[in-house]
Each structure stands twice: as C-alpha cells, then as structure tokens.
Protein chains: 2
Amino acid sequence: MDPYAKLIDHCREIAALEGALSLMQWDQQVLMPAGGTEARSGQTTRLASMIHRKLVSDETRALMVEARNSSAGDPERMAMLVALQRDLKTRESFPLELIERKARVTSNAYQAWRKAREENDFTSYEPHLAEVVEIVKESAALLGAGDHPYDSLIDLYEEGSSFAEAKSVFEQLKPFTLNLLAEIRDGGSPIDDSILVADWDQQRLRQFMEHILREVGFDFSRGRLDIAKNAFCTTFATSDVRMTTRASEHIKGVVSSSIHEMGHALYEQNSNPGWDGTPLQGGASLAIHESQSRTWENVVGRSLPFWTHFLPDLHRFFPNLNGVSAGDMFKMMNCVEPSMIRVGADELTYNLHILIRFELEVELLTGALAVSDLPSAWNEKYCEYLGITPLNDGEGCLQDVHWSRGSFGYFPTYTFGNLIGVQVWDSLNRDVPNTGALIERGEFQPILSWLVQNLYGLSRSLKPKDLVRQLTGADMTPDNWMRYADRKYRALYNLG
Amino acid sequence: MDPYAKLIDHCREIAALEGALSLMQWDQQVLMPAGGTEARSGQTTRLASMIHRKLVSDETRALMVEARNSSAGDPERMAMLVALQRDLKTRESFPLELIERKARVTSNAYQAWRKAREENDFTSYEPHLAEVVEIVKESAALLGAGDHPYDSLIDLYEEGSSFAEAKSVFEQLKPFTLNLLAEIRDGGSPIDDSILVADWDQQRLRQFMEHILREVGFDFSRGRLDIAKNAFCTTFATSDVRMTTRASEHIKGVVSSSIHEMGHALYEQNSNPGWDGTPLQGGASLAIHESQSRTWENVVGRSLPFWTHFLPDLHRFFPNLNGVSAGDMFKMMNCVEPSMIRVGADELTYNLHILIRFELEVELLTGALAVSDLPSAWNEKYCEYLGITPLNDGEGCLQDVHWSRGSFGYFPTYTFGNLIGVQVWDSLNRDVPNTGALIERGEFQPILSWLVQNLYGLSRSLKPKDLVRQLTGADMTPDNWMRYADRKYRALYNLG
C-alpha cells in the first residue's frame, strides 16, 4: 500500500472510533434511558482514551513522515497533512494526565451544572467551575505563545484567531448595536409576536419543519431531525447527518433552531464525501460552520421572501394562524427584544450576549474576576448592555453548557459566524442574481449550489482565514453585517 | 494492579468497543437514515476488526496466563476465565481476513435481503446468500471437529449442542405436533380471533405494552421500547436494555413480540451488574435466553390468569374490545392456525417453522440443496408440514434475517428455548406455589425473584448444559413441553 493510503487508512480507523463515540453521545442526548448514564460514561471515557492513544502514537508520526515524503506537490495530500498535523499538535500539547483529569473534572462539572441550572443554585456548581477554570488556565499555559493568555484558547476553536481580533470586533459591534437598539426602543413601531406562543403540538411543529427543511434542500434519506433537550447537529458521515430541535411553546424557537441546525447540516451533507473519515472531513472551522447556520437561520429564514414562500404551508399546518400574512411573519420573526437567554435572542441583540460571555471569560482567566463573583458580574453586564436583570442564575450565568465542558474561547466564534455569514452572502449575491426572488419562488437550488461549490464542498481543505479571503476578497470584518443589520432594522422599525 | 484486575480491565476495554458496535447496529435497525448504510457498514467493519484484534492478541493471552495463576480456587474467577477462553477459542478459529470478509459480505447481504423481502425478489438476493453460504461452509471447515459439519456451527450458538441433539429433538416433536395439529383440525372447536385484527393506533398499542411491561417488572429507567421493522432486544449494560416491537395490525403480533422481548430484557436487566463488560455478562446461551422470552410470551403471556389480570387495561386502552372476556382473550391468544410467518406463529406450530429451517440449512451446508432451489424447497416443506404454500418469497424463504447475517445453526436454539422454558417453569412451580393465582393478581414479583435468584443473576457463570441440569435436575428434553402443550391444547379445543 502507498504510504499516503496507509496514513488515510489509519485516520479512518480513528474516525470509526470517533464515529462510535459521537453516536454514543448523540444517543445519550436524544434517546438513552437515564439509568444508562454511568455505564455509558465509562464506555465513552474508554473510547476517548483509545482515540487519543491511537492518534498521538509513534505509528501516526511514522505514517505521516512517510506520507509526507511521497506527497510533495500534491495540494490535496498536503492539505490533509496540514489538517492532521494541527489535530495532532493540539493533542500533543497536553500530557495524558491533564487530558484524563480534564475529562473527569468536566464530566463532574457538567453533571453539577445541569443540577445547578435546574435548581438555580450557583453555589453548588461554583467549586466545580473553579476547578475547570484552573485546568483551562493550565492548558493555556501549556499551549503558550500569543500576546494574551486568551490567544491560545481561542485558537483551539478558531485557527489563527486571537484576543485582539475578538476585542476589535466587539469594539465595533458594541456601539453600533447599542445605538441601534436605543433607536428601536425610543422610536420604533413595536411588534407583537405573542400569537406565535401557544401550546403547539410539538409533533406537528416537527412535521412542519421537516417539510421546510426538505424543500430547502436537506436530504432526509441522509439525515434525521429529532426532538431533544438541546438543538445540535451531529455528523456520522456526509450520508448520515442528524439534527435535533428543542420542544418550545414559541413557534419561533422551533423554527429558528431547526433552520439553524439545518445550516450546519447542509454544510455537512454537501461536504466532499471522499474525505469522510479523514482529517479533511467536515467544515473549515467553528466560525465558518456557524456562518452557515446563521445565514440560513437569519438571512434566509427570517426574510420576507422566505415567509412569502412558506406562508401557505404555515396556514396548512396551523390553521389558527390563517390571519397571519407573510409581512406579519417577517416582522414577528425579527422583532427586537432584549432577553435573558442567548439561544432565543433576536439577531441584533445576539452579539451582546456573546460580548458579555467574552468579557467575563477573559476576566475569569486573567483572574480579574473570581468565580464566586460570576453571578453578580453577569447580572451587572446584562443590566448594562441589555437593560434587563436575570431573576435567577438559571436564566443568568448558568444558562450555557460551554464553561462546564471547559470550552473557554469558544463563544466569540458565534459572533464571528454572524459576520462571516453576511460577508459570504454578499459574495453569493454578486454571482447569483435575485436571491430574494429565488427564495420567494422556493428555488433554493441555485443558492445551495453556489455554497456547495464555493464553500461546503471544500470541507476542511483551507484554513479558515484563507477561506474567508478566497470567498469574500477580504478578511473577516463587522462592516458587512452592520450594513445588513442597519438596513434590515431601519426598514422593519420605520426608523429614519 | 492485580493480574486478574488487569485482565478484567482489558475485557472492559474490548466491551466498550463491543458496546459501540452494538449501538451502531441497533441504531441502523431503529433510526438510521437509509443513506447512511455504506458509511456505517465501513465503520462497523473496522470496529469488528479492532475488537477481534484486541481479543485475539498476545496481550490477552499473556494477561490470561497471569490471571489464571493468581485465581486458582476462586470459582468466580475461574468461570470468568472459562467464558473468556471460549470466546477466544471461537475467534482464534478464524483468520482476520475471513472475519473481515464475512462482515462485508453479510452487511451487503443484509441490505440486499431487506430490499428483496420488500420486493418479493429472491433473485436479487440469491448471489448474496450464495456468498454467505460459502463463507459459513468455510467457517465450519475451520472449526472442524464433530461428526457432522453442522456440529461446529450449532455449537457456536449453543455450547455443547450438536446436529444429533437437534435431530433427536425434532424427531420427537414432529410426530407429536403433527398428530395434535390433525386432531385440532379435525375435531377442535374453531376459535375466531379476527376481532383482534384492525387498523390499530400503533402508538396506543405501544403505550398499552409499556403499561404491561412496566407492571410485570421491566424497568423503563434502564431501558426502552421502540417500534422497528423487527422485534429484538439489545443490551448496552444491565442499566440500558432496549427492546423493539413490530408495528402490526394484529394485536396479538404486537403483544406477543413485546412480551417475548421483555423476557429477554428481564434476563438482561437482572443479570449481575458487577459483570457488565466482562465475559460473564448476559445470559448463559441463546437457548437459555430464549427459554425466558418464550416463557414470558407463552407460558405467562398467553395464560388465562394473565388476561384475567390485564383485561381492565385492555378495555381501557381499546374500548371497542369491551365485549371481550378474559376467557376470549385466552382462547384468541392461543388459537392454532398454520401460517406462513414464524414470528407470528402460534405456540404449537412454531417448532415446525424451526424444523423446516433446520432441515433446509443443513441441506444448504451439505450441498444437498442449491441456493437457487431454496424458494421451491421452502414452499414444498411448508406445504408438507403445515399444509399451506407461501404466495411469494417475502412470506416464504425471505422472511427471516438470520441467514443474511450468516447465522446458520442458530434456528434450533428457538425450539430448545421452548423446551427448556417449560422445564424451568416446572421447577419454578415446585418452589413458588400458585403461580396462576399470583399472575391473576398481578403479583409478578415472586416469580421474577425466583428467576433472578436461580437463573438471571447467574449471568453466564455456568455452561448451558450444566445450568439446565442445576435448574431442572435433568438434561434438556421435549417431554415437559409436550406434556404442557398436550394439556393446554386438549383443554382449549375440547379434545378427548
């Protein structure tokens, strides 16, 4: 066997284990009986450790050396090696002892977080979070490099990004958002979306969403949509991509989270199937992935043409919404309302939720903020930026899972996704004329095709910053998003 | 670490992979989108191969030697080593190449079988089955030993069994069954069960079954019941045991298959949890396992006391059956009617379905029957033994999954299970007085407790033949079952 083929085979062996692990985790969130938790957790720990040992091994290194020697000048092979090198380097930065300790600490922290959120009891969670923060600091120190301790952490989630980049993005977004928000509050015509809140039949809602997703282009013969506690998307192969959506009494909650996950899923279903099970499988980065979920959710799924097209279906599935027009849906899907919960936030205030988390996690890592002071710091920032104060920590600093899992440096990728999404959309609109008219007629194929050809089909073959430049002719910038938001909300709220 | 503990840890590592593989297979049958087949099959092949390599390894052998030296005189440890030794020996008989080939061939054959069954198209499946038969022959040759080529195959599924044993069992069952069947046909008062066939709401049926299973003793916090194309039971741990049931327009189909799988599931949920992930996990053998599914399905689930107890629930869930009495249900659940489909067969004719498969698979393996002639041979035997002829291969030789999976020698364990089930039930009735009255009052606990103490809790610590002797004071025999069936059907059909 050719050395390169040998390496790929080795990667596919690791990928089979990763696929098994993903399925175990998916199952745990969607179906598993509660009693199975301990046994499952024992098995996933073993699998995770096997994966680590198999990847960080002399075998991998030897295979890479041989494969590199036989791959010079072949761009696909070089991209493969670069991607694998990055995965390996990240893993190698940590001693096995730390990895196992982190797995244990975050597993306990996750359980404690779930309980604490349910019972609005930050105190019981505090010592766990403190342990997690210590491990994350330790990890950052081991990763080293960068001007700021946050640099190496954010780079784990978004290659090439930095504290400075995130800071600069938010320095531009913050005043823009706060100003527009004030204008809407002071001079906008209020929008009432209460008709969308009811005791909806969740199965019917799911069927409605299946109809929409199918028409947009999600292939149900290669994927599923299930109801779970959290909305997420998991890929077992380009031919098996599964989304979940939350049950919610707010139609908007189900619609947005389903279309959001569909954005991730379209990216995954249309990645290069030849790279399944290799280091090039899947998307270029978290932010690039998020750019697509946010584009489909917001730019497409909250647009007037979209609801013009799907209005007859909305009426058919929910006859008591017969009085609602496409214009009404457009308004209700976009009404701006500062709220406590990030995942339910409107498109405008969403980045403020991220900004708060970014500022707080930086302070936690630099020691400027003690873990015990997190709830009050959280509440103060919500009051300052959004003008509202959480009633309890469940809808406050306990709402997100990320920190319990040890994911510090992850949150900014959500906002990066918003920005990149609109930049890519602007590029798409230069090549594909009249996207509004296409969407209104339900002709999603030309849009999807452009994205497949220029983005989804490239999988992970380009580094995220190179990909953004190739796609948009520029680096990531808040400009496009701010232009888009300014136009959208001024029209929607009849502002000057 | 103590050498024995090291070995157990090694086994648990293998068990984690086996758990992952089982979950992948369960998922494939219950949920997976059709498009995922190829990728999933690639991953399961890799996992199966990893499991094989990890089990059949110098490491395992070395650990076993050390563990054996430190375990002399400890019966639990010795049982563990005996069980592991058997698994290892079976595996070692096959070269890795054959195992991988078998995984690939049977995965394709399974898909082809599903399609062929749906389309009643044996021709498209024939080449796949031919490949499977060749691999099974090859396996039998490698296993060697025994007087008959079938010996080594049946021993794979039922340790210590043989062609001669199966032959002898059927030689006694066949005339008994055919005679009783003729008596019923000629002189029995006919039973009409058509009221149980309707366009039932399958979700409601499932809820009805969940109610029954819960009351009998299945723990839903440690298991699930799903609807799938085939009824089966899978164990991920004693704390996560999952059953499926078929959708069916015949209430009997859903009821029997659910209670059948519950029998397997009760065995698994009540196995020794300390042995999870070790060679002693689960049941003693396929036949012993089947003895329990058949006992709960037939001896308990088709009894008059059972339907006396659950009659109010039947009426509550299905008000249009309000006119049905417990006696009616008892009769309808037991009416004898030669039919095409094994899994829907009544208790009396069931063993004839198995006999037909036993005879045919022996002929396929010895070359007495060509794969291409299977459909006609099948139909002839159904005509001869049951007096009916399948209208097509879908309800004929394509109805069972087993052969597509390469499981030859498996079928007789179903009949063995029928026999052992009644033998064990007879023993139980000597210790637990008035089981009929207990069942009528819905007091299943004393029955379940006896089974847990004497059988389920022993997991795989005894060889099946030793276990049958310990439980019943005798070897497996058709006598108890024939006595039971004779009494039951003579009463039911008012025969002399």
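Just so it is clear, the model here is predicted, and its values are computed rather than measured.

A. Summary view of the side chain of Ser107(B). Mapped onto the elements, Ser107(B) comes out in helix α5 (residues 96-119). A polar side-chain atom of Ser107(B) sits 3.2 Å from a polar atom in the side chain of Ser41(B).

B. Looking closely at the interface of chain B and chain A. Across the boundary between the two partners, chain B contributes 35 residues, which contact 35 residues of chain A. Contact with chain A buries surface across chain B, with Leu31(B), Pro33(B) and Arg46(B) losing the most and accounting together for 20% of the total. On inspection of chain B and its partner chain A, the count reaches 10 salt bridges. A salt bridge links Asp9(A) to Arg46(B), with the nearest nitrogen and oxygen atoms 2.9 Å apart. On the surface where chain B and chain A come into contact, there are 14 residue pairs in polar contact (both at pLDDT 80 or more). Those elements that place two or more of their residues in the side of chain B that touches chain A are α1 (3-30), α2 (37-55), β1 (223-227), β2 (233-237) and β3 (240-245) of chain B. At 12 residues, α1(B) tops the list of elements feeding residues into the side of chain B that touches chain A. Of the residues in the side of chain B that touches chain A, the class split is 17 nonpolar, seven polar and 11 charged.

C. Spatial organisation of the environment of Leu129(B). Residue and element names in this part refer to chain B. With respect to the helices and strands, Leu129 occurs in helix α6 (residues 122-143). Its relative accessible area of 0% is what places Leu129 among the buried residues. Sequence separation of Leu129 and Arg405 is 276 residues, and the distance between their C-alpha atoms is 9.3 Å. Beyond its immediate stretch of four places on either side in the chain, Leu129 contacts Phe122, Val371, Leu374, Trp403 and Phe408.

D. Structural view of the relation of the copies chain B and chain A. If you rotate chain B by 177° and push it 0.4 Å along the axis, it lands on chain A with an RMSD of 0.6 Å. Put plainly, the chains are arranged around a two-fold axis. When C-alpha distances to the rotation axis are compared across chain B, the minimum falls at Ala20(B), with a value of 2.9 Å. By residue overlap, the copies meet face to face through one surface: 100% of the interface positions of chain B are interface positions in chain A.

E. Layout of the pattern of salt bridges. All chains considered together, the criterion is met by 78 salt bridges over all chains. Glu13(B) serves as the salt-bridge partner of Arg46(A), at 3.5 Å between the closest nitrogen and oxygen. With Arg46(A) in helix α2 (residues 37-55) and Glu13(B) in helix α1, this pair bridges two chains. Overall, the relative accessible area of 10% leaves Glu13(B) in the buried class. The salt bridge involving Glu171(A) is made with Lys167(A); its shortest N-O contact spans 3.2 Å. Remark: Lys167(A) and Glu171(A) occur in helix α8 (residues 163-187); sequence separation between them is four residues, near one turn of the helix. A relative accessible area of 38% means that Lys167(A) is categorised as partly exposed. In this structure, a network of salt bridges that share partners links the residues Asp9(A), Glu13(A), Lys54(A), Arg46(B) and Arg53(B).

F. Region of interest: the nonpolar core. Residues Trp296(B), Phe306(B), Phe408(B) and Trp481(B) are the most contacted members of the largest nonpolar core, which totals 130 residues. Counting residues per element, this core draws most heavily on helix α14 (residues 350-366) of chain B, which supplies 10 residues. Apart from the residues within four sequence positions on either side, Phe408(B) is in contact with Leu129(B), Val132(B), Val133(B), Val136(B), Leu153(B), Tyr157(B), Glu361(B), Leu364(B), Leu365(B) and Trp403(B). Ranked by size, the runner-up nonpolar core spans 129 residues in total, among them Val324(A), Met333(A), Val362(A) and Leu451(A).

G. Fine view of the packing of aromatic side chains. As enumerated under the stated definition, the model contains 52 aromatic pairs over all chains in all. With a centroid separation of 6.1 Å and an interplanar angle of 50°, the aromatic rings of Phe411(A) and Tyr414(A) are classed as tilted. Accessibility assignment for this pair places Phe411(A) and Tyr414(A) in one class, buried. Considering the side-chain rings of Phe218(B) and Phe220(B), the 4.8 Å spacing of their centres and the 80° angle between planes classify their relative orientation as edge-to-face. Across the pair, Phe220(B) and Phe218(B) agree in class, each one buried. Among the aromatic residues, ring-to-ring pairing joins Tyr157(A), Tyr350(A), Trp378(A), Tyr382(A), Trp403(A), Phe408(A), Tyr410(A), Phe411(A) and Tyr414(A) into one connected group. Lying across the ring of Tyr110(A), Arg405(A) places its NZ or CZ 3.9 Å from the centre.

H. Fine view of the pairing of β1(B). Residues and elements named next belong to chain B. Of all five residues that make up β1, four are buried, and the element is covered over most of its length. Bridge count for β1 against β3 is five bridges, and the pairing is parallel. The partner of Leu225 across the bridge, within β3, is Met243.

I. Quick look at the sheet that holds strand β3 (residues 240-245) of chain A. All names here are of chain A. Read across the sheet, three strands follow the order β1-β3-β2 without closing on themselves; strand pairing throughout is mixed. Because the sheet does not close on itself, it has two edges, and the strands there are β1 (223-227) and β2 (233-237). Between one strand axis and the next, the sheet turns through 15° on average, direction left out of account. Across the sheet, helix α9 (residues 202-216) touches β1 and β3, and the angle it forms with β1 is around 155°.

J. Expanded view of the sheet that holds β2(B). Residues and elements named next belong to chain B. Across the sheet, which stays open at both edges, the three strands sit in the order β1-β3-β2 with mixed pairing between neighbours. Strand pairing shows two members of the sheet lacking a second neighbour, β1 and β2, which therefore form its edges. Taking the axes of each pair of neighbouring strands and ignoring which way they run, one obtains an average angle of 15° across the sheet. Summarising the sheet, β2 and β3 pair through four bridges and their orientation is antiparallel. From the neighbouring strand, Thr234 faces β3, where its bridge partner is Arg242. Of the strands in this sheet, β1, β2 and β3 touch helix α10 (residues 251-269), which is tilted by about 165° from β3.

K. How the structure looks around the environment of Glu443(B). Residues and elements named next belong to chain B. Within the secondary structure, Glu443 sits in the loop between α17 (435-440) and α18 (445-454). On the basis of relative accessible area, Glu443 is assigned to the partly exposed category, the value being 35%. In terms of polar contacts, Glu443 uses its side chain to reach the side chain of Arg441, at 3.0 Å.

Calculation notes
Residues numbered from 1 in each chain as written. Chains lettered and ligands numbered in written order. Predicted model: local features only at pLDDT ≥ 70, side-chain atom pairs only at ≥ 80, totals over all residues. Heavy atoms only, no water. Helix = DSSP H or I, 4+ residues; strand = E, 2+ residues; numbered from the N terminus. Polar contact = N/O pair within 3.5 Å; in protein donor to acceptor, adjacent residues only side chain to side chain. Contact = heavy atoms within 4.5 Å. Buried area = accessible area lost by both parts, 1.4 Å probe. Salt bridge = Lys/Arg side-chain N within 4 Å of Asp/Glu carboxyl O. Nonpolar A, V, L, I, M, F, W, Y, C, P; charged D, E, K, R; others polar. Buried < 20%, exposed > 50% of the residue type's maximum accessible area, 1.4 Å probe, protein only. Least-squares fit on C-alpha atoms with pLDDT ≥ 70 in both. Core = buried A, V, L, I, M, F, W, Y, C linked by side-chain atoms within 4.5 Å. Phe/Tyr/Trp six-rings, centres within 6.5 Å; stacked < 30°, edge-to-face > 60°. Lys NZ or Arg CZ within 6 Å of the ring centre and 35° of its normal. Pairing = 2+ DSSP bridges. Axes fitted to C-alpha atoms, helices over the stretch in contact; angles between N-to-C directions.

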